[in-house]
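# Notes for the structure review
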Amino acid sequence: GVGMGMTAPVSITAFPAEDGSFQQKVKVSLRIPSQFQDSPPCPTDESVKIEERQGMTIYSTQFGGYAKEADYVSHAAKLKAALGSDAAYHKDSYLCNGYDPPMKPYGRRNEVWFVKE
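Predicted model only: the values in this text are computed from it and were never measured. (Residues numbered from 1 in each chain as written. Predicted model: local features only at pLDDT ≥ 70, side-chain atom pairs only at ≥ 80, totals over all residues. Heavy atoms only, no water.)

## Brief notes about the pairing of strand S1 (residues 10-16)
Where S1 meets strand S2 (residues 22-30), six bridges bridge the pair, whose relative direction is antiparallel. Residue Ile12 lies in a different strand from S2, and its bridge partner there is Val28. As paired strands, S1 and strand S4 (residues 94-98) are joined by five bridges and run antiparallel to one another. Bridging from a neighbouring strand, Val10 pairs with Gly98 of S4. (Pairing = 2+ DSSP bridges. Helix = DSSP H or I, 4+ residues; strand = E, 2+ residues; numbered from the N terminus.)

## Description of the environment of Val48
Here Val48 shows up in the loop between S2 and strand S3 (58-63). The class for Val48 is partly exposed, based on a relative accessible area of 45%. Residues Val48 and Asp71, 23 residues apart in the sequence, show an inter-C-alpha distance of 27 Å. (Buried < 20%, exposed > 50% of the residue type's maximum accessible area, 1.4 Å probe, protein only.)

## What to know about the nonpolar core
Ala14, Phe22, Phe63, Tyr72, Ala76, Leu79, Ala87, Tyr89, Tyr94, Cys96, Val112 and Phe114 form the largest nonpolar core, which has twelve residues in total. Those elements that place two or more of their residues in this core are helix H1 (69-83), S4 and strand S5 (110-115). A per-element tally of this core places H1 first, with three residues. Ignoring anything within four residues of it in the chain, the contact list for Phe114 reads Thr57, Ile58, Tyr59, Ala76, Leu79, Lys80, Leu83, Tyr89 and Tyr94. (Core = buried A, V, L, I, M, F, W, Y, C linked by side-chain atoms within 4.5 Å. Contact = heavy atoms within 4.5 Å.)

## Overview of a nonpolar patch on the surface
Together, Val26, Val28 and Leu30 make up a nonpolar patch on the protein surface, roughly 280 Å² of accessible area in all. Its location among the elements puts Val26 in strand S2. Overall, the relative accessible area of 40% leaves Val26 in the partly exposed class. (Patch = residues over 30% accessible without salt bridge, like charges linked within 9 Å, V, L, I, M, F, W, Y side chains within 5 Å. Areas by Shrake-Rupley, 256 points an atom, 1.4 Å probe, with all protein chains shown as cover. Salt bridge = Lys/Arg side-chain N within 4 Å of Asp/Glu carboxyl O.)

The analysis is restricted to geometry; functional conclusions fall outside its scope.
Spelled out as structure tokens, the structure:
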């Protein structure tokens, strides 16, 4: 019953298929605002889970515009190519992050994160 407003980033965990496209399964994560961190409100919807994300080291790339699945897939492929075969990161999933509300037309920020192993 408490409104928390927009949080940033909105983070989507993508599970890439062999061709790099998203599988049907994705996980959307929202940051719980600071004042609720110690005692988050209990979700009333069974499909919503509270999850603590541990600290991580990431490889990241940033891009602008209104990001669509194809944009995240393209930038993930570019990041993978830039890292080459020597970088150790989780290959079964990656994070797609958007930082801006939908009504912000310019100066948008999006990122792809590969989590270092």
